Amino acid sequence: MALNKAKKVEPLAATPLVDSTLPVSRVRPAQREGLSERLSGSDARLDLTSLPGFGPILERMLKSRKFQFYFILPTQIIFWLVVISGIFGTLEPAQNFGTAITWYIWFALMFPATLLIGRAWCLACPFGGLGDWIQRRSFWRRTQKKLGLGLKMPQVLAEYGLLMSAGVFIILSWLEEFFNIAGPGLPILTSIMVLGIIAFSLITFLVFERRTFCRYLCPLSSLIGANGSTGIIAGFRPRDREVCLNCQTKECMRGGTDGYGCPWYTYPATADTNTYCGLCSECYKACPYENIGVYVQKPLTSVIAPKKRTSMAWVIGALLGLVIFQQWNALPSYAAADNWLNSVMHFPHYPNPVDYLLTIGAVAGIFVGIAFLLSRVVSLKTKTARSFSSWFAPLMYGLIPLVGADYMARVMPKFFNHAARLPSSIIGIFGKQVSWADFHILPNNWLVRVQYLVIAIGTAVAVYTTSKIAGKDYKELTRNSKLARIISVAVVVLLGAGMIVLYYFMNGAE
Ligand code: SF4
Ligand code: SF4
Ligand code: SF4
């Protein structure tokens, strides 16, 4: 069970809370029963801080209170340059620095990066960074005075987890399509959109405590959290879980002299996924027993091993529905349906909110139907085995690599057709024009082939994860676990084939 040896474990005397002014999180008593078995699959083994040479350097960096500040500062500068360029720069979207870096570079590169290194973006994110600075009234110092009301997300809403974030992402994507922001349209629209997200995040940071925004509401959080679970960064975990189970003070959650309590409400000792760790290193600084390390894991561990949460399954269904919509909306059949609906409803133009939501709902609904059928037809006659979510959650987790691959393939045309515009947009700030701005990194026929390849790889990986998950999670639900596994894998293959067909008809459309 021990992940790695703790560096320096002092006797665990109960000491008073260092940060008694903080609202105390819901720290529950240690539940030992079944813990080792539950976490054995998700425990990461390689602590980066234990590596010879690199480990001590990393430790010094993590101990520094300025660690996250140094990541946030450059993105914060670029972020405000985007806003300023959008307002004051050229009106030509393809030549504007703000639109070029946002839609041709950042949005395109975020997907492959997330699939590989999980929530690393959250470490540097300007939205969360600005919120922290204002809420803590400090760029990096450990302060006790907070700005804002410090409320908790009501439990009844917190149960929905990242599903709220997926909802915000769906609304934001509709607004983006309706106003043609990422087209890109007028550069000022990009500025308005990011300023809108900043306003939403700052209000949340001032009303709620810690990173409630990131954990529940940020439009990107569900996407990064779900797709990032394929990645190799496990996050901050205990070196010796037994030390945590005996720990009376739990500074990693409540805050200590040198670090804040986990802003993401994650208790490192029982974390079974990288989805809810923003890599901020506060637990590392706060733990008085030096019992926290930074772990890497085998790719896909956070897809296969963790407890399957129903709210996350719905998130995956919603994200899948959205990306399938974004494929279909490039086809003439969609344009015909959307035009017809707009004329019937007297709605001004694409995208009609009804067909938008119906498409997302229909795609998610297909998987709801499959899970329901499995729970009725293949399951044992016990209550758990016949429960819908026992089948739905594992089915959807298995799809994560394919959903991530589809988002990546969908943003590829913008990157390969327009990434060369970024240097030209930077040169354009100084009033010069360059002739190679229209250079395409890949010709269209190769671009489409790369999209097929990405989906084929995503399908193969999803077949693997689905097969692994089905073999593990369906065992107790059915005597026909082999049949359940074959059906689930067939569903993945059909979905992957459907995506490739859509890319064929899209023919490299942006
Ligand atoms: S969850 Fe959203 S706001 Fe928070 S750090 Fe990640 S991307 Fe930024
Ligand atoms: S990580 Fe948290 S629970 Fe574990 S020993 Fe440190 S303070 Fe205690
Ligand atoms: S405090 Fe630790 S567990 Fe919580 S988000 Fe930061 S690094 Fe992750």
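Residues numbered from 1 in each chain as written. Chains lettered and ligands numbered in written order. Predicted model: local features only at pLDDT ≥ 70, side-chain atom pairs only at ≥ 80, totals over all residues.

1. A word on the overall build of the protein
Of regular secondary structure, the protein possesses 23 helices and three strands. Its C-alpha atoms give the protein a radius of gyration of 24 Å, within 12% of the compact-globule value 24 Å for 510 residues. Within the span of the protein, comprising 510 residues, buried residues form 47% of the whole. For the protein, long-range pairs separated by at least 24 residues make up 81% of all intrachain contacts whose partners lie at least 6 apart in sequence. (Helix = DSSP H or I, 4+ residues; strand = E, 2+ residues; numbered from the N terminus. Rg over C-alpha atoms; globule rule 2.2 N^0.38 Å. Buried ≥ 20, exposed ≤ 12 C-beta atoms within 10 Å, placed from the backbone. Contact = placed C-beta atoms within 7 Å.)

2. A short note on the confidence of the model for the protein
Low-confidence regions, as indicated by low pLDDT, have predicted coordinates that should not be scrutinised in detail. In this model, the protein carries an average pLDDT of 92, and 93% of its residues clear a pLDDT of 70 or more. Taken together, the stretch residues 1–5 has pLDDT below 50 and engages in 19 contacts with residues farther than four places along the chain or on a different chain. Taken together, the stretch residues 7–25 has pLDDT below 50 and engages in 36 contacts with residues farther than four places along the chain or on a different chain. (pLDDT = per-residue confidence, 0-100.)

3. Remarks on helix α6 (residues 126–136)
In terms of burial, α6 is a largely internal element, eight of the 11 residues being buried. Looking only at α6, the buried set comprises Pro126, Phe127, Gly128, Gly129, Gly131, Asp132, Gln135 and Arg136. Considering only its buried residues, α6 is in contact with α3 (67–88), α5 (120–124), α9 (187–207) and α10 (212–217). Positive phi shows up at Arg137, right after α6, with a value of about 55 degrees.

4. Considerations on the site of ligand 3
Close to ligand 3 lie 14 residues, the nearest being Phe236, Cys262, Cys277, Cys280 and Cys283. When contributions to the shell around ligand 3 are tallied by element, the ones reaching two or more residues are β2 (233–238) and α14 (282–286). Here the shell around ligand 3 is composed, by residue class, of nine nonpolar, four polar and one charged. (Near = placed C-beta within 6 Å. Nonpolar A, V, L, I, M, F, W, Y, C, P; charged D, E, K, R; others polar.)

5. Side note on the pairing of strand β3 (residues 292–296)
Of all five residues that make up β3, four are buried, and the element is covered over most of its length. Across five bridges, the pairing between β2 and β3 is antiparallel. By the bridge assignment for β3, Gly235 is matched with Tyr295. (Pairing = 2+ DSSP bridges.)

6. Section: the site of ligand 1
Neighbouring ligand 1 are 13 residues, the closest being Cys122, Cys125, Gly128, Cys214 and Cys218. Elements that contribute at least two residues to the shell around ligand 1 include exactly α5, α6, α10 and α11 (221–227). Tallied by class, the residues present in the shell around ligand 1 amount to nine nonpolar, four polar and no charged.

7. Looking at the packing of helix α20 (residues 400–418) against helix α23 (residues 481–506)
Packed helices, taken two at a time, are described by the angle their axes make and the gap between the axes. At a minimum axis separation of 11 Å, α20 and α23 run at an interaxial angle of 5 degrees. By the angle between their axes, α20 is roughly parallel relative to α23. In this structure, α20 uses Leu402, Asp406 and Ala409 to contact α23, whose residues at the interface are Val492, Leu495, Gly496, Met499 and Tyr503. Split into classes, the residues belonging to the contact of α20 with α23 amount to six nonpolar, one polar and one charged. (Axes fitted to C-alpha atoms, helices over the stretch in contact; angles between N-to-C directions. Parallel < 35°, antiparallel > 145°, perpendicular 65-115°, else oblique.)

8. What to know about the domain arrangement of the protein
You can read the domains of the protein as domain 1 (43–306) and domain 2 (310–506). Inter-centroid distance (C-alpha atoms) of domain 1 to domain 2 is 24 Å. With 34 residues of domain 1 at the contact, the number on the domain 2 side is 35 residues. Elements with a contribution of two residues or more to the side of domain 1 that touches domain 2: α4 (97–117), α8 (163–178), α11 and α15 (301–304). Partitioning the side of domain 1 that touches domain 2 into residue classes produces 24 nonpolar, nine polar and one charged. (Domains from an automatic or database assignment.)

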